[in-house]
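Descriptive structure summary
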Amino acid sequence: YSTTRVRNFSIIAHIDHGKSTLADRLLETTDTVAKRDMEAQLLDSMDLERERGITIKLQAARVLYRSQEDGEVYILNLIDTPGHVDFSYEVSRSLAACEGALLVVDASQGIEAQTLANVYLALENNLEIIPVLNKIDLPAADPERVADEIEETIGLDCSNIVHASAKTGIGINEIMESIVKYVPPPPPATGGPFRALIFDSLFDPYRGVIVFFRVVDGAVKKGDKIRFLNSKAEHDVTEVGIMQPQQVPVEALRAGEVGYLCGSIKDVLDARVGDTITLSSEYKAAAAKLKESKSEEEPIKPLPGYSEATPMVFAGIFPVDADQYESLRLALSKLRLNDAALSYEPETSGAMGFGFRCGFLGLLHMDVVRERLEREYDLDLIVTAPAVVYRVEQGEGEKKKVIVVDAPSKMPDKLRDMKIMEPYVRVEVLTPSEYNGKVMELGTERRGIFKDLKYMTPQRSSIVYEVSDITQGYASMEYQLIEYREGDLVRLDVKINYEDAPPLSTIVHVDAAQTVGRRLVASLKELIPRQMFKVPIQACIGVNVIASASISPMRKDVLAKCYGGDLSRKKKLLQKQAKGKKRMKAMGKVSVPQEAFMAGLQRI
Ligand code: GDP
Ligand code: MG
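The present account deals with the structure reproduced in this document. (Residues numbered from 1 in each chain as written. Chains lettered and ligands numbered in written order. Predicted model: local features only at pLDDT ≥ 70, side-chain atom pairs only at ≥ 80, totals over all residues. Heavy atoms only, no water.)

What follows concerns the overall build of the protein chain. For the protein chain, the count of helices and strands is 14 helices and 33 strands. Taken over 604 residues, the protein chain has a buried fraction of 54%. In the protein chain, the share of contacts with a sequence separation of at least 24, taken over all contacts with a separation of at least 6, comes to 70%. When the accessible surface of the protein chain is totalled, it reaches about 28,600 Å², and 50% of it is carbon and sulfur. (Helix = DSSP H or I, 4+ residues; strand = E, 2+ residues; numbered from the N terminus. Buried < 20%, exposed > 50% of the residue type's maximum accessible area, 1.4 Å probe, protein only. Contact = heavy atoms within 4.5 Å. Areas by Shrake-Rupley, 256 points an atom, 1.4 Å probe, with all protein chains shown as cover.)

Let's shift gears to the sheet that holds strand β1 (residues 6-13). As summarised here, the arrangement of the six strands in space is β2-β3-β1-β4-β5-β6, forming an open sheet in which the pairing is mixed. The outermost strands of the open sheet, each flanked by one partner alone, are β2 (60-66) and β6 (162-163). One ladder, built from five bridges, connects β1 with strand β4 (residues 100-106); its direction is parallel. Bridged to I11 within β4 is L102. In this fold helix α1 (residues 19-29) packs onto β1, β2, β3 (73-79) and β4, with an angle of close to 155 degrees to the strand it touches most, β1. Set on the sheet, helix α4 (residues 113-124) makes contact with β1, β4 and β5 (128-134); between it and β1 the angle comes to about 155 degrees. (Pairing = 2+ DSSP bridges. Axes fitted to C-alpha atoms, helices over the stretch in contact; angles between N-to-C directions.)

Attention now moves to helix α3 (residues 88-96). Since the α-helix turns once every 3.6 residues, residues separated by three or four places project in the same direction. With seven of nine residues buried, α3 lies mostly within the body of the structure. Within the sequence span of α3, burial applies to Y89, E90, V91, S92, R93, S94 and L95. Contacts made by the buried residues of α3 are with β1, β3, α4 and β7 (195-204).

With that out of the way, let us pick up the nonpolar core. If you look at the biggest cluster of nonpolar residues, it comprises 40 residues, and the most contacted ones within it are L103, I150 and I154. Broken down by element, the residue count for this core peaks at five residues, all from α4. Not counting the four nearest positions on each side in its chain, I150 is found in contact with L103, V105, L133, G155, L156, C158 and I161. (Core = buried A, V, L, I, M, F, W, Y, C linked by side-chain atoms within 4.5 Å.)

It is the contact of α3 with α4, at a shortest axis distance of 9 Å, that shows an interaxial angle of 40 degrees. In terms of their interaxial angle, α3 and α4 are classed as oblique. As α3 runs across α4, the sense of the crossing is right-handed. Taken together, the residues of α4 that come into contact with α3 (itself represented by S88, V91, S92 and L95) are N118, L121 and A122. Here the contact of α3 with α4 is built from residues that sort into four nonpolar, three polar and no charged. (Parallel < 35°, antiparallel > 145°, perpendicular 65-115°, else oblique. Left-handed = near helix turned anticlockwise from the far one by under 90°. Nonpolar A, V, L, I, M, F, W, Y, C, P; charged D, E, K, R; others polar.)

Taken as a whole and judged by the stated rule, the model has four aromatic pairs. Here the aromatic rings of Y325 and F354 are separated by 5.7 Å at their centres, their planes lie at 55 degrees, and the arrangement is tilted. In this pair, Y325 is assigned in helix α8 (residues 325-338) and F354 in strand β18 (residues 353-360), connecting sequence segments 29 residues apart. A residue is classified by how much of its surface remains accessible, and Y325, at 17% relative accessible area, is buried. Measuring from centroid to centroid gives 5.6 Å for F450 and Y465, while their planes differ by 70 degrees, and the two rings are edge-to-face. Separated by 15 residues along the polypeptide, F450 in strand β24 (residues 449-457) and Y465 in strand β25 (residues 460-467) bring together distant segments of the chain. For Y465, a relative accessible area of 7% corresponds to the buried category. Site record: aromatic cluster; members linked through ring pairs are Y325, Y344, F354 and F356. Taking NZ or CZ as reference, R485 lies 4.4 Å from the ring centre of Y424, over its face. (Phe/Tyr/Trp six-rings, centres within 6.5 Å; stacked < 30°, edge-to-face > 60°. Lys NZ or Arg CZ within 6 Å of the ring centre and 35° of its normal.)

Bear in mind that shape data such as this cannot, by itself, settle questions of function.
Written out as structure tokens, the structure reads:
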């Protein structure tokens, strides 16, 4: 057995630059999937992914390719990576499972910030990068300019860059040949114990957790007992196999190979992305040896780079109808089986009733979870405004207390020796140079700290800011948490009809409190429908009302029609109206629509 004819690679591309189309093409031209069986965009299997055109979960595929150069058959393992910045940890692990990467850039667009971030991840993992200009069939394609840009920004030699069209098939063979020629084969086995890197796992209701991994050393086969180094869980393997891309069982998987295994694993937490798989027997033997020599070392060294995916934003999820609480709980526990990065715990609020406080990697992750809950589990939900995690520090030195605040309403009132710390991210925006001014305006508006402006080419710039507001819309840029810094922050509360509405609380900078308060009440006034009675809305800091507005009651003449008629007709009318309406949550006597819960997000 030798790995000289194995190539493990992934595709790095900005969303919409053609990664999925190219992957499909590679499978098709190698006859891995017969054309008639080919579902469009095979690798993105989740409906939601297809609709949104993003790749959420990693998948892998093994294709056989006969090289035109030497006539030999090569095993090419394509490991797909998710394209959004929310999932950058998963990207880094799937890249760590490869020796090379195709860098696919839309020849009519150019390189984007997220792509660049992933290229850096690939370079950190010592991957061979093969640049590909895609969509050269488009009239707007400008391969020379984009190739220049790639050379300038990454320093890759682009003199022989592949010109391709995943759509029409141009350049596909050239890409395959380049993979064979330039991506190095996996290093040979060292003879050490079995170690494999998990780059994905998913829950299958019939077979339990299926783990996708790259073998780094040794071998694994059916019947083995495995141990996950980080979670310390041990399980029996009932099947090992490869992805073609459907799962096909094989005898064993050896160093350099990519495959899956399943067994008695019931919880994705046992087998998280980035963890190292070992054999229980080898682990025990190594541990016994170490015990003899009284060494403190780890029996088998974990593969580098494991880290727990930590939620960056939190939001409350409540069923519109309290009867759906149990279904929501069940649905979350099921989603959790497939998504180790999703966290949730019960949250009860006087205003909202029973629901859950959920942690997400980012806003896209939050949206995906919400949509899956609503579509796949048929739930009507209210999601409160996402907020970052704040830290409150009290006292100094030994006596220092740190409180983690994952919901604005839980922020304590400010005391004298209390510091409120907020997370800062480093944001890099790549933009055509003509928009530099606009981007920098935006950066200043968001109280960003300007760090750097670079012209990558005369037409394209990179602008770097450090900012604290990371729940502002969808970043089409790359961001990275850098640290917590003290901020002059206050909790802004909302009262509707004189009753507290904690889910609408937000945390704002003291300087911005007035403006935000005024905007918030103004938009709530627009968003909350009229009631039978006048509804005052107030924004308060502590006991001080800093802004207020009121919603005037429904006009009598609208109701008058109902009063005359018989009661059942009126009821029907109201029911009909209610059905056609958007989701609402009764807070006190007032129905508050979903949009109002997001009103606090519109800041300055
Ligand atoms: P991904 O987000 O990177 O996976 O991109 P997709 O593969 O989903 O492609 C995004 C869009 O670009 C789709 O509408 C594709 O049909 C289109 N597309 C992909 N490759 C090409 C190409 O080579 N030429 C043209 N004209 N369109 C392409
Ligand atoms: Mg895609």
